[in-house]
Amino acid sequence: MIIAVDGPVAAGKGTLARRIAVHYRLEYLDTGALYRAVGLKLLRDGHDPHDEEAAVNAARHVGEVPLDDPALRDEATGEAASIVAANQGVRAALLQYQRDFAKIKGGAVLDGRDIGTVVCPNADVKLFVTASAEVRARRRFDELVAKGVETTFEAVLEDLHARDTRDMGRGAAPLKKADDAHLLDTSKLDIEAAVTAACMIIDAA
Ligand code: DC
(Lines give C-alpha, C1' and ligand atoms only; values in the text may rest on other atoms or scores of the structure.)
Protein backbone atom coordinates (compact mmCIF):
# COMPACT_ATOMS: atom_id res chain seq x y z
CA MET A 1 0.00 0.00 0.00
CA ILE A 2 1.32 3.44 -0.91
CA ILE A 3 -0.07 6.48 0.86
CA ALA A 4 0.77 9.93 -0.53
CA VAL A 5 0.59 12.87 1.85
CA ASP A 6 1.03 16.32 0.31
CA GLY A 7 0.43 19.84 1.49
CA PRO A 8 1.98 23.25 2.17
CA VAL A 9 4.63 24.04 4.75
CA ALA A 10 3.63 23.63 8.43
CA ALA A 11 0.24 22.04 7.67
CA GLY A 12 1.12 19.23 10.09
CA LYS A 13 1.58 16.64 7.37
CA GLY A 14 4.94 15.35 8.66
CA THR A 15 3.62 14.45 12.08
CA LEU A 16 0.46 13.07 10.53
CA ALA A 17 2.32 10.97 7.95
CA ARG A 18 4.60 9.49 10.64
CA ARG A 19 1.58 8.54 12.75
CA ILE A 20 -0.17 6.97 9.75
CA ALA A 21 2.96 4.93 8.98
CA VAL A 22 3.07 3.58 12.54
CA HIS A 23 -0.67 2.84 12.51
CA TYR A 24 -0.54 0.84 9.25
CA ARG A 25 2.96 -0.59 9.91
CA LEU A 26 4.40 1.01 6.77
CA GLU A 27 7.80 2.56 6.10
CA TYR A 28 7.93 6.35 6.07
CA LEU A 29 9.83 8.79 3.86
CA ASP A 30 9.96 12.53 4.52
CA THR A 31 10.74 13.69 0.98
CA GLY A 32 11.23 17.28 2.17
CA ALA A 33 14.29 15.97 4.04
CA LEU A 34 15.80 14.99 0.68
CA TYR A 35 15.48 18.57 -0.64
CA ARG A 36 16.81 19.83 2.69
CA ALA A 37 19.77 17.43 2.42
CA VAL A 38 20.60 18.86 -1.01
CA GLY A 39 20.35 22.41 0.38
CA LEU A 40 22.49 21.55 3.39
CA LYS A 41 25.16 19.85 1.30
CA LEU A 42 25.41 22.95 -0.90
CA LEU A 43 25.70 25.29 2.09
CA ARG A 44 28.33 23.07 3.71
CA ASP A 45 30.33 22.83 0.51
CA GLY A 46 30.22 26.63 0.16
CA HIS A 47 27.96 26.70 -2.92
CA ASP A 48 25.12 29.11 -3.66
CA PRO A 49 21.80 27.15 -3.73
CA HIS A 50 21.00 29.06 -6.94
CA ASP A 51 24.02 27.40 -8.61
CA GLU A 52 22.06 24.90 -10.72
CA GLU A 53 24.95 22.65 -11.67
CA ALA A 54 26.23 22.36 -8.10
CA ALA A 55 22.67 21.67 -6.92
CA VAL A 56 22.11 18.82 -9.39
CA ASN A 57 25.47 17.37 -8.41
CA ALA A 58 24.53 17.55 -4.73
CA ALA A 59 21.19 15.84 -5.50
CA ARG A 60 23.04 12.94 -7.14
CA HIS A 61 24.99 12.50 -3.89
CA VAL A 62 22.06 13.05 -1.54
CA GLY A 63 22.80 9.75 0.22
CA GLU A 64 25.90 11.37 1.78
CA VAL A 65 23.81 13.47 4.17
CA PRO A 66 22.15 11.42 6.95
CA LEU A 67 18.43 12.20 6.90
CA ASP A 68 18.44 12.57 10.69
CA ASP A 69 21.07 15.35 10.74
CA PRO A 70 19.56 18.02 13.07
CA ALA A 71 20.92 20.79 10.78
CA LEU A 72 18.32 19.69 8.21
CA ARG A 73 15.70 21.47 10.33
CA ASP A 74 17.55 24.82 10.40
CA GLU A 75 15.76 27.78 8.81
CA ALA A 76 18.73 28.43 6.50
CA THR A 77 18.56 24.83 5.28
CA GLY A 78 14.81 25.16 4.67
CA GLU A 79 15.42 28.29 2.65
CA ALA A 80 18.10 26.57 0.55
CA ALA A 81 15.79 23.54 0.12
CA SER A 82 13.04 25.76 -1.21
CA ILE A 83 15.42 27.19 -3.82
CA VAL A 84 16.79 23.84 -5.01
CA ALA A 85 13.26 22.39 -5.12
CA ALA A 86 12.53 24.70 -8.08
CA ASN A 87 15.44 23.16 -10.00
CA GLN A 88 14.17 20.58 -12.53
CA GLY A 89 17.49 18.69 -12.57
CA VAL A 90 17.40 18.31 -8.78
CA ARG A 91 13.81 17.04 -8.91
CA ALA A 92 14.71 14.51 -11.61
CA ALA A 93 17.68 13.25 -9.58
CA LEU A 94 15.51 12.78 -6.48
CA LEU A 95 12.55 11.23 -8.31
CA GLN A 96 14.06 7.78 -8.73
CA TYR A 97 15.22 7.67 -5.11
CA GLN A 98 11.65 8.33 -3.97
CA ARG A 99 10.06 5.81 -6.34
CA ASP A 100 12.59 3.13 -5.41
CA PHE A 101 11.87 3.71 -1.74
CA ALA A 102 8.17 3.12 -2.25
CA LYS A 103 8.83 -0.01 -4.34
CA ILE A 104 11.63 -1.63 -2.34
CA LYS A 105 9.87 -1.30 0.99
CA GLY A 106 6.76 -3.01 -0.37
CA GLY A 107 4.58 -0.08 0.57
CA ALA A 108 5.18 3.21 2.30
CA VAL A 109 3.87 6.55 3.42
CA LEU A 110 5.59 9.39 1.56
CA ASP A 111 5.07 13.00 2.49
CA GLY A 112 5.96 16.00 0.37
CA ARG A 113 4.55 18.37 -2.20
CA ASP A 114 4.26 16.31 -5.40
CA ILE A 115 3.84 12.73 -4.18
CA GLY A 116 0.25 12.32 -5.40
CA THR A 117 0.83 14.26 -8.60
CA VAL A 118 4.32 13.21 -9.77
CA VAL A 119 6.19 10.71 -7.58
CA CYS A 120 3.38 8.18 -6.96
CA PRO A 121 0.46 9.14 -9.20
CA ASN A 122 -0.95 5.62 -8.65
CA ALA A 123 -0.81 5.77 -4.84
CA ASP A 124 -3.58 3.79 -3.16
CA VAL A 125 -4.62 6.75 -1.03
CA LYS A 126 -3.77 10.42 -1.48
CA LEU A 127 -4.21 13.00 1.26
CA PHE A 128 -3.82 16.73 0.73
CA VAL A 129 -3.27 18.18 4.19
CA THR A 130 -3.71 21.89 4.66
CA ALA A 131 -4.59 24.59 7.21
CA SER A 132 -5.03 28.35 7.06
CA ALA A 133 -1.86 30.42 6.72
CA GLU A 134 -2.42 31.96 10.17
CA VAL A 135 -2.78 28.56 11.85
CA ARG A 136 0.31 27.22 10.07
CA ALA A 137 2.34 30.30 10.97
CA ARG A 138 1.23 30.03 14.61
CA ARG A 139 2.32 26.38 14.77
CA ARG A 140 5.68 27.16 13.17
CA PHE A 141 6.17 30.18 15.45
CA ASP A 142 5.47 28.08 18.59
CA GLU A 143 7.91 25.42 17.33
CA LEU A 144 10.65 27.99 16.76
CA VAL A 145 10.12 29.64 20.14
CA ALA A 146 10.30 26.20 21.81
CA LYS A 147 13.64 25.69 20.04
CA GLY A 148 14.88 29.00 21.46
CA VAL A 149 14.85 30.83 18.11
CA GLU A 150 14.19 34.57 18.40
CA THR A 151 11.56 35.63 15.88
CA THR A 152 8.16 37.28 15.59
CA PHE A 153 4.84 35.88 14.44
CA GLU A 154 4.78 38.45 11.61
CA ALA A 155 8.21 37.35 10.36
CA VAL A 156 7.15 33.70 10.40
CA LEU A 157 3.90 34.50 8.55
CA GLU A 158 5.78 36.47 5.92
CA ASP A 159 8.29 33.66 5.44
CA LEU A 160 5.45 31.14 5.13
CA HIS A 161 3.74 33.22 2.43
CA ALA A 162 7.03 33.44 0.54
CA ARG A 163 7.50 29.64 0.73
CA ASP A 164 3.89 29.02 -0.36
CA THR A 165 4.35 31.31 -3.34
CA ARG A 166 7.55 29.53 -4.33
CA ASP A 167 6.13 26.01 -3.79
CA MET A 168 2.92 26.72 -5.73
CA GLY A 169 4.36 29.02 -8.37
CA ARG A 170 7.36 27.06 -9.60
CA GLY A 171 7.23 25.51 -13.05
CA ALA A 172 8.68 22.17 -11.90
CA ALA A 173 6.11 20.04 -10.04
CA PRO A 174 4.29 22.89 -8.29
CA LEU A 175 2.40 22.15 -5.10
CA LYS A 176 -1.18 21.34 -5.98
CA LYS A 177 -3.84 18.93 -4.87
CA ALA A 178 -4.16 15.85 -7.08
CA ASP A 179 -7.69 15.54 -8.49
CA ASP A 180 -8.18 12.26 -6.65
CA ALA A 181 -6.64 13.41 -3.33
CA HIS A 182 -8.75 13.71 -0.18
CA LEU A 183 -8.60 17.20 1.29
CA LEU A 184 -7.87 17.28 5.02
CA ASP A 185 -8.00 20.74 6.59
CA THR A 186 -6.35 20.60 10.02
CA SER A 187 -7.03 24.26 10.95
CA LYS A 188 -9.41 23.19 13.68
CA LEU A 189 -7.99 19.73 14.42
CA ASP A 190 -5.33 18.76 16.92
CA ILE A 191 -2.99 15.95 15.92
CA GLU A 192 -5.14 13.18 17.43
CA ALA A 193 -8.24 14.40 15.59
CA ALA A 194 -6.23 14.71 12.36
CA VAL A 195 -4.92 11.13 12.70
CA THR A 196 -8.45 9.85 13.33
CA ALA A 197 -9.78 11.72 10.28
CA ALA A 198 -6.93 10.44 8.09
CA CYS A 199 -7.41 6.82 9.21
CA MET A 200 -11.12 7.03 8.42
CA ILE A 201 -10.30 8.16 4.89
CA ILE A 202 -7.65 5.43 4.45
CA ASP A 203 -9.85 2.66 5.89
CA ALA A 204 -12.70 3.69 3.61
CA ALA A 205 -10.34 3.56 0.62
O1 DC B 1 8.47 19.99 3.88
P2 DC B 1 9.80 20.66 3.98
O3 DC B 1 9.74 22.07 4.54
O4 DC B 1 10.80 19.83 4.73
O5 DC B 1 10.34 20.78 2.48
C6 DC B 1 11.52 21.47 2.18
C7 DC B 1 11.41 22.09 0.79
O8 DC B 1 11.39 21.06 -0.21
C9 DC B 1 10.15 22.94 0.57
O10 DC B 1 10.51 24.19 0.01
C11 DC B 1 9.33 22.17 -0.42
C12 DC B 1 10.30 21.24 -1.09
N13 DC B 1 9.72 19.94 -1.39
C14 DC B 1 9.32 19.69 -2.67
O15 DC B 1 9.44 20.55 -3.54
N16 DC B 1 8.83 18.47 -3.02
C17 DC B 1 8.68 17.52 -2.08
N18 DC B 1 8.17 16.33 -2.43
C19 DC B 1 9.04 17.77 -0.74
C20 DC B 1 9.55 19.01 -0.42
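Residues numbered from 1 in each chain as written. Predicted model: local features only at pLDDT ≥ 70, side-chain atom pairs only at ≥ 80, totals over all residues. Heavy atoms only, no water.

### Section: the overall build of the protein chain
Part 1: Secondary structure assignment for the protein chain yields nine helices and five strands.
Part 2: Scanning the protein chain from its N terminus toward the C terminus, one meets helices and strands in the order β-α-β-α-α-α-α-β-α-β-α-α-β-α.
Part 3: Taken against the 2.2 N^0.38 rule, which gives 17 Å for 205 residues, the C-alpha radius of gyration of the protein chain at 16 Å falls within 12% of a compact globule.
Part 4: Counting over 205 residues, the protein chain shows a buried share of 50%.
Part 5: Accessible surface, the protein chain: about 10100 Å² in total, of which carbon and sulfur atoms supply 52%.
Part 6: Side-chain charges of the protein chain comprise 26 positive and 33 negative groups, with the mean position of each set lying 4 Å from the other. (Helix = DSSP H or I, 4+ residues; strand = E, 2+ residues; numbered from the N terminus. Rg over C-alpha atoms; globule rule 2.2 N^0.38 Å. Buried < 20%, exposed > 50% of the residue type's maximum accessible area, 1.4 Å probe, protein only. Areas by Shrake-Rupley, 256 points an atom, 1.4 Å probe, with all protein chains shown as cover. Lys, Arg positive; Asp, Glu negative; His and termini not counted. Charge placed at Lys NZ, Arg CZ, Asp CG, Glu CD.)

### What to know about the side chain of D6
Part 1: Note on placement: D6 falls in strand β1 (residues 2–6).
Part 2: With no salt bridge to any partner, buried D6 finds its closest opposite charge in R113, at an N-O distance of 7.0 Å.
Part 3: One polar contact links the side chain of D6 to the main-chain amide nitrogen of R113, over a distance of 3.2 Å.
Part 4: Filtering out sequence-adjacent residues up to four positions away, D6 remains in contact with K13, G112, R113, D114, I115, G116, L127, F128 and V129. (Salt bridge = Lys/Arg side-chain N within 4 Å of Asp/Glu carboxyl O. Polar contact = N/O pair within 3.5 Å; in protein donor to acceptor, adjacent residues only side chain to side chain. Contact = heavy atoms within 4.5 Å.)

### Topic: the site of the ligand
Part 1: With respect to spatial proximity, 14 residues lie near the ligand, and among them R36, R91, R113, D114 and R170 are the closest.
Part 2: Between the ligand and R36, the relevant distance is 2.6 Å, taken from an oxygen atom to a side-chain nitrogen or oxygen of the residue.
Part 3: Interatomic distance of 2.9 Å between a side-chain N/O atom of D114 and a nitrogen atom of the ligand.
Part 4: In the complex, the protein chains occlude 96% of the 450 Å² of accessible area that the ligand would expose alone.
Part 5: Breaking the shell around the ligand down by element, the ones donating at least two residues are α2 (31–44) and α4 (75–84).
Part 6: Of the residues forming the shell around the ligand, the biggest block, four residues, is contributed by α2.
Part 7: Class assignment for the residues of the shell around the ligand results in three nonpolar, four polar and seven charged. (Near = heavy atom within 4 Å. Nonpolar A, V, L, I, M, F, W, Y, C, P; charged D, E, K, R; others polar.)

### So, the nonpolar core
Part 1: Ranked by internal contacts, the top residues of the largest apolar core, which has 31 residues, are V38, L42, V90, L94, L110 and C120.
Part 2: At the level of secondary structure, the elements contributing two or more residues to this core comprise α2, α3 (52–60), α4, α5 (88–104), β3 (108–112) and α6 (115–119).
Part 3: Tallying contributions element by element places α2 first for this core, with six residues.
Part 4: Once you skip the residues sitting within four places of it in the chain, V38 turns out to touch A55, A58, A59, V62, V84, V90 and L94. (Core = buried A, V, L, I, M, F, W, Y, C linked by side-chain atoms within 4.5 Å.)

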